[in-house]
Amino acid sequence: MNMDVLWFFQSTRKEPPLLKQRITAFCAGIMLALPACIAPATAVSFADAGTGDYIRIGDTDVSASLGISQQRELEELLNSDTPLYVEQSVDDGSILTVGPLSEMPDKAIVQHSTCAKTDVCLLPYTAPYASFGFSGKGSKQGNWPNISEYTSGKWTTSLQWLYKGSLVKGAKIKPNTHAYFNGIVTIKRVTIY
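These remarks concern the structure in this document. This one's a predicted model, so the numbers in the text were calculated from it and none came from an experiment. (Residues numbered from 1 in each chain as written. Predicted model: local features only at pLDDT ≥ 70, side-chain atom pairs only at ≥ 80, totals over all residues. Heavy atoms only, no water.)

## Some remarks on the environment of Thr186
The condition that has to hold: Strands are runs of DSSP state E lasting at least two residues, helices are runs of H or I lasting at least four, and both sets are numbered from the N terminus onward. Whether two residues touch is decided by their heavy atoms; if any such pair falls within 4.5 Å, the residues are in contact.
Of note, Thr186 is situated in strand β11 (residues 178-192). Spatially, the C-alpha atoms of Thr186 and Trp161 are 5.4 Å apart, while their sequence positions differ by 25 residues. Once you skip the residues sitting within four places of it in the chain, Thr186 turns out to touch Asn143, Trp144, Pro145, Asn146, Gln160, Trp161 and Leu162.

## So, the sheet that holds strand β7 (residues 132-135)
Note the threshold: Strand pairing requires that DSSP identify at least two bridges connecting the strands. Lines fitted to C-alpha atoms define the axes here, with helix axes fitted over just the stretch in contact, and angles between the N-to-C directions of these axes take values from 0 to 180 degrees.
Read across the sheet, 7 strands follow the order β5-β7-β6-β8-β11-β9-β10 without closing on themselves; strand pairing throughout is antiparallel. Looking at strand neighbours, the two that pair on one side only are β5 (110-112) and β10 (166-169), the edges of this open sheet. When strand polarity is set aside, the average angle formed by the axes of neighbouring strands in this sheet is 30°. Relative to β7, strand β6 (residues 120-124) is paired through 3 bridges, and the arrangement is antiparallel. Across the sheet, residue Val120 finds its bridge partner in β7, namely Phe134.

## Some points on the pattern of salt bridges
Test applied: Any Lys or Arg side-chain nitrogen found within 4 Å of a carboxyl oxygen on Asp or Glu counts as a salt bridge. Each residue is placed in one exposure class: buried if its accessible area under a 1.4 Å probe, protein chains only, is under 20% of its type's maximum, exposed if it is over 50%, and partly exposed if it falls in between.
Taken as a whole and judged by the stated rule, the model has 4 salt bridges. Measuring nitrogen to oxygen at the nearest pair gives 2.2 Å for the salt bridge that ties Lys169 to Asp53. Of this pair, Lys169 sits in strand β10 while Asp53 sits in the loop between α2 (18-38) and β1 (54-57), placing them 116 residues apart in sequence. Residue classification places Lys169 among the partly exposed residues on the basis of a relative accessible area of 41%. Here Asp61 ties to Arg189 by a salt bridge, and the two come within 2.3 Å at their closest N and O atoms. With Asp61 in strand β2 (residues 60-63) and Arg189 in strand β11, the pair connects residues that are 128 residues apart, well separated along the chain. Using a relative accessible area of 6% as the deciding quantity, one classes Asp61 as buried. Overlapping salt bridges bring together Arg56, Asp61 and Arg189 as one network.

## Here we look at the pairing of β1
Looking at chain direction, β1 and β2 are connected through 4 bridges and run antiparallel. Bridge pairing links Ile55 to Val62 in β2.

## Quick look at the packing of aromatic side chains
Given two aromatic rings, one states the distance between the centres and the angle between the planes to describe the pair. Inclusion rule: Ring pairs shown here join Phe, Tyr and Trp side chains whose ring centres sit within 6.5 Å, with only the six-membered ring taken for Trp; geometry is labelled stacked below 30 degrees between planes, edge-to-face above 60, and tilted in between. Both a distance and an angle decide whether a charge sits over a ring: NZ of Lys or CZ of Arg must be within 6 Å of the ring centre and within 35 degrees of the ring normal.
Summed over the entire model, instances satisfying the criterion amount to 3 aromatic pairs. Seen from their ring centres, Tyr150 and Phe181 are 5.7 Å apart, and the 35° between their planes marks the pair as tilted. Placement of Tyr150 in strand β8 (residues 138-151) and of Phe181 in strand β11 is noted, with a sequence separation of 31 residues between them. Residue class for Phe181 comes out buried when judged on its relative accessible area of 15%. An aromatic cluster of three or more residues is present, and its members are Tyr150, Trp161 and Phe181. Over the ring of Tyr193 we find Lys172, and its NZ or CZ is 4.1 Å from the ring centre. In this structure, Arg189 packs its charged tip against the face of Tyr54, placed 5.0 Å from the ring centre.

Following this line, the structure appears as structure tokens:
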């Protein structure tokens, strides 16, 4: 091809107007973001079944071993013939926890107003908050504020707490351990294995 002809094609080629480029970029951005906007508002992650892990569906903690993640599935399960155990709120009768009957705790967890040496014991950061003692296998949901440390007593235990607006699940702690937090938390669930 002749250099003059090449120059002609290069000089007559028109670039799209700036407005058209901006509109194209905007549309491309919308198309990339659209799947995230359509996705469910809350993500549900399944934990390993059989480890005492729970997922949150609405206001109910559901054993991960049940393999469900949606409110509709939970309602169907509660209305089915599937053998289940449930923890019910004494305040309003709502269902707090659901799991397969085969995983029902051996003995209900008991909360004490004081801590024995063998109890799981939640220790407050400052007065006027009191210590809370727990014994027995199982899980108890509640609201224990201003906690800075805890002891596991004779039990293997794990806690869930609220910190800066997020629910955090702690690791299992072996018996006879004194653990402390690097901040102040509100405990939401005590599980004893």
